[in-house]
Amino acid sequence: MSDRRLLIVEDEYLLAEDMRQALEAAGATVIGPVGTLARAIAMVDSVAGIDAAVLDINLAGEAVYPVAEKLLSRGVPFVFVTGYETDAIPKCFARVPVLEKPVDMIALIRMLGS
Amino acid sequence: MTGRCVDLSTVIGTVAAFCTTVSYVPQLKKCWDTGSAGDLSLRMLLILASGVALWIGYGVLKGDLVIILANAVSLALLLAILAFKLREGGRAGAAARPGPHDDALRRSEERYRKVVEGARDYAIFTTDGEGRIADWYEGATAVFGWTADEIRGRPSDLLFVEEDRVRGEPARELATAAANGVAPDVRWHLHKDGRRVFIEGRVVPIDSDAGQRGFLKIGQDVTARRRAERALRQMGERVARFAEASSDVVWIRNAATLQFEFASPSFETTYGVDRRHVFAGNSLRRWLRLIHPEDRASALGSIRAVREGRRTTHEFRIRRPDGTLRWIKDTDFPVLDDAGRVVEVGGIGADITDEKRASDRLRVLVREVQHRTRNLIAVVMALADSTGREAASIGQFRERFAARMSALSRVQGMLSQLGDDEQVTFDGLLNAELAAHGMLDDPSRVALAGPSGVRLRSRNVQTFALALHELATNAVKHGAFAVPGGHLAVHWWVEIMDGSAKLHVDWQETGLQGLDRHARSGLGRQLIERALPYQMDAETRYSIEEHGVHCVIVLSLGR
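Residues numbered from 1 in each chain as written. Chains lettered and ligands numbered in written order. Predicted model: local features only at pLDDT ≥ 70, side-chain atom pairs only at ≥ 80, totals over all residues. Heavy atoms only, no water.

Colleague: If you had to explain the overall build of chain A to someone new, which residues and values would you point to?
Modeller: Assigned secondary structure in chain A consists of 4 helices and 7 strands. When the elements of chain A are put in sequence order from the N terminus, they spell out β-α-β-α-β-β-β-α-β-β-α. Counting only residues that meet the buried cut, chain A has 52% of its 114 residues in that class. When contacts within chain A are restricted to residue pairs at least 6 apart in sequence, those whose partners lie at least 24 apart make up 60%. Accessible surface, chain A: about 4,900 Å² in total, of which carbon and sulfur atoms supply 53%. (Helix = DSSP H or I, 4+ residues; strand = E, 2+ residues; numbered from the N terminus. Buried < 20%, exposed > 50% of the residue type's maximum accessible area, 1.4 Å probe, protein only. Contact = heavy atoms within 4.5 Å. Areas by Shrake-Rupley, 256 points an atom, 1.4 Å probe, with all protein chains shown as cover.)

Colleague: Before we move on, could you go through the packing of helix H2 (residues 37-46) of chain A against helix H3 (residues 65-74) of chain A and cite the residues and values that matter?
Modeller: Residue and element names in this part refer to chain A. For the pair H2 and H3, the least separation of the axes is 9 Å and the interaxial angle reads 15 degrees. Between H2 and H3, the interaxial angle falls into the category roughly parallel. Judged by the twist between their axes, the crossing of H2 over H3 is left-handed. Across the interface between the two elements, Leu37, Ala40, Ile41, Val44 and Asp45 from H2 touch Pro66, Val67, Lys70, Leu71 and Arg74 from H3. Taken together, the residues that form the contact of H2 with H3 break down as 7 nonpolar, no polar and 3 charged. (Axes fitted to C-alpha atoms, helices over the stretch in contact; angles between N-to-C directions. Parallel < 35°, antiparallel > 145°, perpendicular 65-115°, else oblique. Left-handed = near helix turned anticlockwise from the far one by under 90°. Nonpolar A, V, L, I, M, F, W, Y, C, P; charged D, E, K, R; others polar.)

Colleague: Account for the environment of Tyr542 of chain B, with residues named and values stated.
Modeller: All names here are of chain B. Assignment of secondary structure puts Tyr542 in strand E14 (residues 539-545). For the pair Tyr542 and Glu529, spaced 13 residues apart in sequence, the C-alpha to C-alpha distance is 6.9 Å. Discounting chain neighbours no more than four positions away, the residues touching Tyr542 are Leu471, Asn474, Arg525, Ile528, Glu529, Val549, His550 and Cys551.

Colleague: Could you give me a rundown of helix H14 (residues 293-307) of chain B, with the residues and numbers involved?
Modeller: All names here are of chain B. A rise of 1.5 Å per residue sets the reference length of H14, with its 15 residues, at 21 Å; its end C-alpha atoms lie 22 Å apart and thus fit the reference within 8%. Of the positions making up H14, those classed as buried are Asp295, Ala299, Leu300, Ser302, Ile303, Ala305 and Val306. Where H14 is buried, its residues meet strand E6 (249-254), helix H13 (283-290), strand E8 (312-319), strand E9 (325-336) and strand E10 (342-351). Of the residues trailing H14, Gly309 is marked for its positive phi of about 105 degrees. (Expected span 1.5 Å × (residues − 1).)

Colleague: Explain the sheet that holds strand E1 (residues 5-9) of chain A to me, using residue names and the numbers behind them.
Modeller: Within a beta sheet, neighbouring strands are joined by backbone hydrogen bonds and run either parallel or antiparallel to one another. Residues and elements named next belong to chain A. In space, the 5 strands of this open sheet follow the order E2-E1-E3-E6-E7, with parallel pairing throughout. Two strands lie at the open edges of the sheet, namely strand E2 (29-34) and strand E7 (98-100), each paired on one side alone. Shown here is a sheet whose adjacent strand axes are inclined to one another by a mean of 20 degrees, direction ignored. The pairing of E1 with E2 spans 4 bridges and is parallel. In the strand pairing of E2, Leu7 is matched with Ile31. (Pairing = 2+ DSSP bridges.)

Colleague: Give a detailed account of the confidence of the model for chain B, specifying residues and quantitative values.
Modeller: Caution is warranted with low-pLDDT regions, since their predicted coordinates should not be read in detail. Residue and element names in this part refer to chain B. Of the residues in chain B, 93% have a pLDDT of 70 or more, and the chain-wide mean is 85. The least confident element of chain B, judged by mean pLDDT, is helix H5 (residues 100-118) at 74; the most confident is E9 at 94. This model gives residues 93-97 a pLDDT under 50, and the stretch forms 1 contact once residues within four places in sequence are excluded. Reported confidence for the predicted complex is 0.88 by ipTM and 0.55 by pTM. (pLDDT = per-residue confidence, 0-100.)

Colleague: Before we move on, can you summarise the packing of aromatic side chains with the specific residues and values?
Modeller: All names here are of chain B. In total, this model carries 19 aromatic pairs over all chains according to the counting rule given. Relative to Phe144, the ring of Phe125 has its centre 6.4 Å away and its plane inclined at 80 degrees; by these criteria the two rings are edge-to-face. Residue Phe125 is located in strand E1 (residues 122-128), and its partner Phe144 is located in helix H6 (residues 138-144); the two are separated by 19 residues in the primary sequence. Between Trp188 and Phe198 the ring centres are 5.0 Å apart and the planes differ by 85 degrees, which places this aromatic pair in the edge-to-face class. (Phe/Tyr/Trp six-rings, centres within 6.5 Å; stacked < 30°, edge-to-face > 60°.)

Colleague: Just give me the short version of the pattern of salt bridges, but keep the residues and values in it.
Modeller: Residue and element names in this part refer to chain B. One pass over the full model with this rule turns up 47 salt bridges over all chains. In this structure, Asp354 engages Arg326 in a salt bridge whose closest nitrogen and oxygen atoms are separated by 3.8 Å. Of the two residues, Asp354 is situated in helix H15 (residues 353-390) and Arg326 in strand E9; the sequence distance between them amounts to 28 residues. Taking relative accessible area as the criterion, Arg326 reaches 15% and is therefore assigned buried. In this structure, Arg404 engages Glu390 in a salt bridge whose closest nitrogen and oxygen atoms are separated by 2.8 Å. In this pair, Arg404 sits in helix H16 (residues 394-416) while Glu390 sits in helix H15, placing the two residues 14 residues apart along the sequence. Through salt bridges with shared partners, a single ionic network connects Asp164, Arg167, Glu169, Arg172, Glu173, Asp185, Arg187 and Lys217. (Salt bridge = Lys/Arg side-chain N within 4 Å of Asp/Glu carboxyl O.)

Colleague: Account for the environment of Val197 of chain B, naming residues and giving values.
Modeller: Residues and elements named next belong to chain B. Considering the arrangement of structural elements, one finds Val197 in strand E4 (residues 196-207). Exposure remark for Val197: the relative accessible area of 1% places this residue in the buried category. Placed 38 residues apart in sequence, Val197 and Leu159 show a C-alpha to C-alpha distance of 9.8 Å. Not counting residues up to four positions away in its chain, the partners in contact with Val197 are Val143, Phe144, Arg187, Trp188, His189, Asp221 and Thr223.

Colleague: Describe in detail the interface of chain B and chain A, supporting the description with residues and values.
Modeller: Counting residues at the interface gives 27 residues for chain B, matched by 26 residues for chain A. For the chain B and chain A pair, buried surface summed over both sides reaches about 2,300 Å², with 49% attributable to carbon and sulfur atoms. By the criterion of area lost to chain A, the three top residues of chain B are Arg367, Arg374 and Tyr534 of chain B, representing 32% of everything that side buries. On inspection of chain B and its partner chain A, the count reaches 3 salt bridges. One salt bridge connects Arg39 of chain A with Asp537 of chain B, and the closest N-O pair in it is separated by 2.6 Å. In this structure, the connection of chain B to chain A is made through 12 residue pairs in polar contact (both at pLDDT 80 or more). Mapped by element, the contributors of at least two residues to the side of chain B that touches chain A are H15, helix H18 (458-477) and helix H19 (523-536) of chain B. Broken down by element, the residue count for the side of chain B that touches chain A peaks at 14 residues, all from H15 of chain B. For the side of chain B that touches chain A, the residue count by class is 12 nonpolar, 7 polar and 8 charged. (Buried area = accessible area lost by both parts, 1.4 Å probe. Polar contact = N/O pair within 3.5 Å; in protein donor to acceptor, adjacent residues only side chain to side chain.)

Colleague: Which residues make up the packing of H16 of chain B against helix H17 (residues 426-436) of chain B, and what are the values?
Modeller: Residue and element names in this part refer to chain B. Running from N to C, H16 and H17 point in directions that differ by 145 degrees, and their axes come no closer than 11 Å. In this structure, H16 crosses over H17, and the sense of that crossing is right-handed. In contact with Ala407, Arg410, Val411 and Met414 of H16, H17 contributes Gly428, Leu429, Ala432, Glu433 and Ala436. By residue class, the composition of the contact of H16 with H17 is 6 nonpolar, 1 polar and 2 charged.

Colleague: Which residues make up the pairing of strand E3 (residues 183-190) of chain B, and what are the values?
Modeller: All names here are of chain B. Across 8 bridges, the pairing between E3 and E4 is antiparallel. Looking at the pairing, Pro184 lines up with Arg202 of E4. Hairpin connection of E3 to E4: 5 residues between the antiparallel strands, including Gly194 at a positive phi of 100 degrees.

Colleague: Any details on the sheet that holds strand E11 (residues 446-449) of chain B? Residues and values, ideally.
Modeller: All names here are of chain B. With mixed pairing, 5 strands are arranged side by side in an open sheet as E11-E12-E13-E15-E14. The two strands at the open ends of the sheet, each matched to only one other strand, are E11 and E14. Averaged over all pairs of adjacent strands, the angle between their axes in this sheet comes to 10 degrees, without regard to strand direction. Relative to strand E12 (residues 487-497), E11 runs parallel, the two sharing 4 bridges. Residue Leu448 lies in a different strand from E12, and its bridge partner there is Val490. The strands touched by H18 are strand E13 (500-510), E14 and strand E15 (548-558); relative to E13, the strand with the most contacts, the crossing angle is about 15 degrees.

Okay, structure coming up:
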């Protein structure tokens, strides 16, 4: 995944850092990470060439779904990360893969690399 | 007739005479035993007697002794039978229906006797005109305990209870029966052993044997039924009191029309409307109007299902006149008649709004706990990772990792002890961290100045606590508290700008000499310089000045 540009949206700094390091170690270029909904939307709107994204569903109390909708409409693949039960995810994202916290980095890299 | 050899005609005549004569004997014996000539015809007897008498005359004229003797005996026997017949005819002379009808009457009387004697559940007895007991049948013995021999001839008053006797009820009852042809006898009576039995019966006047007026009393012992009915009535009253007292709505509907037939008072507190308002007019429609439009169909469907004989439990929302929404849980059941048809629909409705809120809240809390736990584990893993990267040895890793886990554990403890509207305060957090590192032990080395009770947003507390932990650890290991004479001053204040509050924290260590300004950039610095801005929108500055570390954190407190 050496040429892939990956967006990380995760509100917990330590977890975002963890993912960043893991993905960079796998050769990806990380965009972000960003920890709030507003920054994530701004990032998606302003940065071109995002190949894939990992989205934490709960961003300091706000749901990440508006970002997910933007990515979906642009055909950018992404992965949800959540500490909640996955049954609360809206039906329109039923086909989006979900990783539960704590995130298995190997699984994350495999998903974003394909 | 003379001569040795008996004439053949004499032999035949003698045998014939014997047979015809003897033939009357059984008939006469029967008449003797029964005292009646039965159904023999008087005319036939008279003609037969005349004929036999003529035979005697014939025998005299002929000089035939056998004929004379035989017919004389027969005539005597016939006359005896005739005497019975004539006596009977005189006595029954007035009887309109002699003969076979007498027998039918006897059979009928026999049947009545058997009925009366066999009716053991009915007390049947007769009295004379003064109320003295005459006939006393088995059923009366079963109900009152007295045998016929014990009670015959005694006044029937003794079957009345004391208070009725005092009031003169026995005489009044007989007087009523005599005047009206019947008197009801529905009251408590007295058993021989003193207990009371409730009799439902009547008294009618009859003609007694002696042709005098008497009374017939027929009654049924309904004590057991009456007790059962009373118990049932009392149970009904008790259940009604439960319904009245219940905070749940107890209601009954007509199964055919589904209209309310009853609703307990709590209907009014639950639905917030007067029951009379709902009961006036079509109570089903008025009730449905109280239900949230989305829930009306299912509520009605549930009640209709009960009409089919099923039990149902359903939940629906109602809107009270004051606009508040309440959740009701109804448990409905069919009320059947003896034939198993559903005649009523019964139900118990409970206001479960509070329970529902509590369970909703619990569901949110459980989700939140799970979320936080998973996040916390992820943070622990990230801390382990970071600590592993900066540690020079496994011993150092263990020491630093344990210290960071302690900090995490302290802040989790503070968060978990909060009430609903409480928040962790900055001074609380600072004091806990400094105390954990022993930095408050010598008051001369530390100066804390700032308002107490500055509340931090809960989602920021954990990262903030970890940052303070790193500052304190650094101070103890490499900073002001690592050398004698070192000093720490922490000042904080709240500034309101553009309607939003900001907390300024100034951490100033002094007392050190010749510090390396480009010292380590470990996790502590990373948390302050990167994590706080990233996660809390904080502005931070971390600098190693000439005499010690100086750290400034400006943190938004929100509204």
